[in-house]
Structure formats: C-alpha cells, structure tokens
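Take a look at the letters that make up each chain.
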Amino acid sequence: MIAIDQLCYHSKLRYENPGEKFAFAGITLCICVISRTIEVSSVVLAAAGILTVWKGGVPVSRYLRFLTVPLAFLLLSSLAIFLRVKEAPLDLFALPLGRWYLTASRDSLAYVARLVFTAMGSVSCLYFLSFTTPMPDLLEVLARLHCPALLRELMLLIYRFIFILLRTASAIATSQRCRLGNKDYRTSLKSFGLLGSALMIRAVARSGRLYDAMEARCYDGRIRVLSESRPPRKSVIAWIAVFDTALFFFALWRKFCG
Amino acid sequence: MRKNEKRILAAAAALALAFGAAPNVSAMHIMEGYLPGGFCVAWGVLCLPFLAAGFFSIRRALEQRRNLITLLAMSGAFIFVISSLKIPSVSGSCSHMTGTGLGAILFGPSAVSILGLIVLLFQALLLAHGGLTTIGANTFSMAIAGPFVSWGIYRLCQKTKLNRRASIFLAAALGDFCTYCVTSLQMALAHHEDATIGGAFAEFLAVFAPTQLPLAVIEGILTVLIVMGLETYAKPELRAIGFLKEAK
C-alpha cells in the first residue's frame, strides 16, 4: 500500500543494525547539507544510490522513479530563485516584456545548480534510510537517542493505524467508484467529503475497541516489539567512519581550497 | 442543508474550473537538503516551545484519561491518510490536502503540533514528501502556523456568530493559505541571492500561487464537507473528541 514501506522490508540491508544505517544516513546528510557544493553532493548521491540499489537490492527503475518525486517542487522553486523581473537585463538571457525584462544571471544559474545537486544528494541519503530501515527499527534508534517514551508510543501506534485507515479508505473509495461516485467533479468532491467523514467515524470507533483489546492484554503504556536486527558489526562501523571522515575532509577542501 | 450543500458544490466546481488545471502538487513540503544548515536548526528551535506545549498538554490529558492514547494515535493516522489521498481535481492530476486545518478544528492546535510533527516525519520517510533536515521548517509552517491560524479564525468566527460552514471554510482555507505564505517566506529567507528578501518572497508566492491557491480553496470546501458529514452522522464521536462541547 505504501511502496517505500514494502520495499524496505524486502531490502537486503533490512537486518543490518539500524543504528549503523541511521548514523551513516544522518552524518552523510549533515555533511552534504552543510557543505553545499556540487562535488560533495555528487559523491553522496553516488554513494547512497549505489548502496541502496546494489547492496539493498531496490530495483533501479523504482529507485529512479522515486528520485523524480520531489522534482515538481524543485522545478518551481528553482524558477523562483532563477528568474528575475527587472528593468535592466542580466547577463545570461533576457526576454523583453514591455518595459521590463524576464531575465536571469549566470551567478544565479550556478547558485541553482548547486542547490539542485545538494537537494538530490540529501534526498538520496533520506532514501537510503527509508529504503533499508523499517519504522519499528527506527523507533529503536530513537529510544537510544532518548526520544520521550510517549512520543515513541504515539509513533508506533500511528504507524500501525495508518495501514488500517488506508485499507478502509481504499475500500470506501473502491465502492464509491463502483457506484459512479466520481462521475463528475461535483460528485467526486462530495464523495471525498463523505469518505473523509466516514473514515473519521470508523477511526474513532476503532480506536475505542483497540484500546479495550490492548487493555485486555495488559497494556501498561508500553508496547514491546522484538528487535529483529543484528548487533552492530565493527567492520561496518569502521567503513562508515572511514567514508564519512573522508567525505568531511573532501568537503572542507572543496570549501576552503577549491 | 441539501440546498446549501448543492450551493457549496456548485461554487467549488466553478472555482476549480476558473483556476484551471493544477499540476502534480502536494502540500508545499520543503524538500530534503533545500535549506542551509543554519536555517534548519533555527526553524527547529523556533518550533520547540510549541512542541513542548503540545507534548505537555497531551501528557496531562493522558494522565487523566489513559484511553485517549488510541484516539490520539488514530487522529494522527487520520491526518496522515487524509493528506495522502488524492483529492479530486479537474485535470486528473493529483494533489493532496494538508489535513492540518481539519485536525486543528477537531482536536485543537496544541495536540496537532505534536501529531503534525509525527505525520511529517512519516511523510518524509514513507512518502518521500519533505525531509529530515527540513522537518523543523515544515513543522513550523504546516503543524504550527497553519493550525494555529485555522483554530484562531475558527474561534473568532464562532465568537462573531458567523455561519458555521463559512467559518469552517475560512479556517481551513486561510490556514492552508498561511502555510503557503510561511513556506514561501522560509524559502525566501534562505534563498534570496541577489534580490531583496521581500522580492524573493513575492517570487516564491507567485510561482507557487497557481498550485497552492486552488488547493487552499478545495481544502476549505472538503473540510466543510467532512465536518458536515461528521455533524450529521457522528455526534457521539465528536463529543468524544471534545469538538461539540466547545461548540455549544
């Protein structure tokens, strides 16, 4: 139902220690975001992409399709940074609009290029984490990081309920389609409203029953989930440390000497 | 009721047609890596007081009534699901609600800030909308600014005895609009290369307007439809989440 969730359970890196994966993704992401250079981002994009696809076994075509998800945002916001409406034309190009020019400068082109590369590099880090690590494993990491127990509890429950509600919603949507609930725009708006309210009613009713069921099974404010991952391995930690240190110095070098 | 419903739907269809086709858009999540490090931290810190307030209010509520936890979690899941469903749009492209305006009207803004943070984290990890480094900025615009504005407008309209549906519409649509403005401002503050901040702000507003303005209107209409449906069929459930209590 949620493609990324299914893919991460099938990943070949699924049983690696989640702390390792989190550390790799997190540190690399920070270096990428702070350095903001094309070279560092390309290295990150390549490394995280290769790890996800080759080591993790995510199909290349699906990975590429996921990389296009943020493109709409990227395109629109880059346009906003890139294009200027001014009285005097800038050096890259200029389209006259009456007395004004729709124009752009070379500097802003370079700026946008750097931004796009940084963003894609960071997205690949995020994808590495979400394509290899199931949510319950991440909660384990959050527990190590002293995230409050109440938050983790809520996250675990919400994670579970999302799938229940998605299934309900898709069943309702199917039956609405069967009854021509989307035959024109007005009907489909109305159907969506009905779907939303029916979903809310189901959710509230269900949450009451669920609490009763949990209480009957001795719920005391904590849901314990068996950890399914391996303990951390020294060699992997060493590799992560080597890669991120190298990346860090590369970023420093590009920043100050490049 | 019936007649009113029809009128709302007609207005919606007309507006949607007037705005024309919206391309593939979700609510405006700032993508991963788009903001420089300093801005990520700054927006995150700015969120902290609101999140802390939300956290304590949730904890206090749970101390009194422990069984609220499943209801809270269901509400969070509801916000996630409603924002991940494709809403009807004229051109067949897909766009999504934010759902936080609805959440603020139903559950109150402080609970929505925490639920919104969790929902945004899940959206980043499960749907690839938004990101981990930009979660502070996104939380501020979607889970704090939007809901607080929605809730404020909703309460204000109640005080002034405005038509109930109009007030829900205004709350949801303006909350969405506020989210869009705050996100534009966040991006303008971070990326205003050679222009002034004001100029960059205007540009971001202009570029995202064709997708976000119709979305705000549709979000308002859908929120009205959902709340109307709930009021018709689910009085006891609404009482359970303390919605009708304050309405009367």
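Residues numbered from 1 in each chain as written. Chains lettered and ligands numbered in written order. Predicted model: local features only at pLDDT ≥ 70, side-chain atom pairs only at ≥ 80, totals over all residues.

Draft legend 1. The arrangement of the overall build of chain A in detail. Scanning chain A from terminus to terminus reveals 10 helices and three strands. Compactness check: chain A gives a C-alpha radius of gyration of 24 Å against a globular reference of 18 Å for 258 residues, more than 25% above the reference. With respect to the principal axes defined by its C-alpha atoms, chain A has extents near 70 × 60 × 35 Å. Sorting the 258 residues of chain A into buried and exposed places 34% on the buried side. Taking all contacts inside chain A whose residues are at least 6 apart in sequence as the whole, residues at least 24 apart take part in 72%. (Helix = DSSP H or I, 4+ residues; strand = E, 2+ residues; numbered from the N terminus. Rg over C-alpha atoms; globule rule 2.2 N^0.38 Å. Buried ≥ 20, exposed ≤ 12 C-beta atoms within 10 Å, placed from the backbone. Contact = placed C-beta atoms within 7 Å.)

Draft legend 2. Unusual backbone geometry, seen in detail. One non-glycine residue, Arg36 of chain A, lies in positive phi territory at about 50°. When the 21 C-beta atoms within 10 Å are taken as the criterion, Arg36 of chain A is described as buried.

Draft legend 3. Spatial organisation of the sheet that holds strand β3 (residues 100-104) of chain A. Residues and elements named next belong to chain A. Strand order in the open sheet formed by three strands is β1-β3-β2, with antiparallel pairing between adjacent strands. In this open sheet, the two strands that pair with only one neighbour each are β1 (84-86) and β2 (93-97). Going from strand to strand, the sheet's axes swing by 30° on average, the running direction of each strand aside. Of the pairings in the sheet, the one linking β2 to β3 comprises five bridges and is antiparallel in character. From the neighbouring strand, Phe93 faces β3, where its bridge partner is Ala104. (Pairing = 2+ DSSP bridges. Axes fitted to C-alpha atoms, helices over the stretch in contact; angles between N-to-C directions.)

Draft legend 4. Quick peek at the domain arrangement of chain A. Residues and elements named next belong to chain A. Domain annotation of chain A identifies domain 1 (1-133 + 230-258) and domain 2 (134-227). Centre-to-centre, using C-alpha coordinates, domain 1 lies 31 Å away from domain 2. Between domain 1 and domain 2, the contact holds eight residues from the first and nine residues from the second. Broken down by secondary-structure element, the contributors of at least two residues to the side of domain 1 that touches domain 2 are α1 (3-10) and α2 (18-35). When residues in the side of domain 1 that touches domain 2 are grouped by element, the largest group, three residues, is from α2. Taken together, the residues of the side of domain 1 that touches domain 2 break down into five nonpolar, two polar and one charged. (Domains from an automatic or database assignment. Nonpolar A, V, L, I, M, F, W, Y, C, P; charged D, E, K, R; others polar.)

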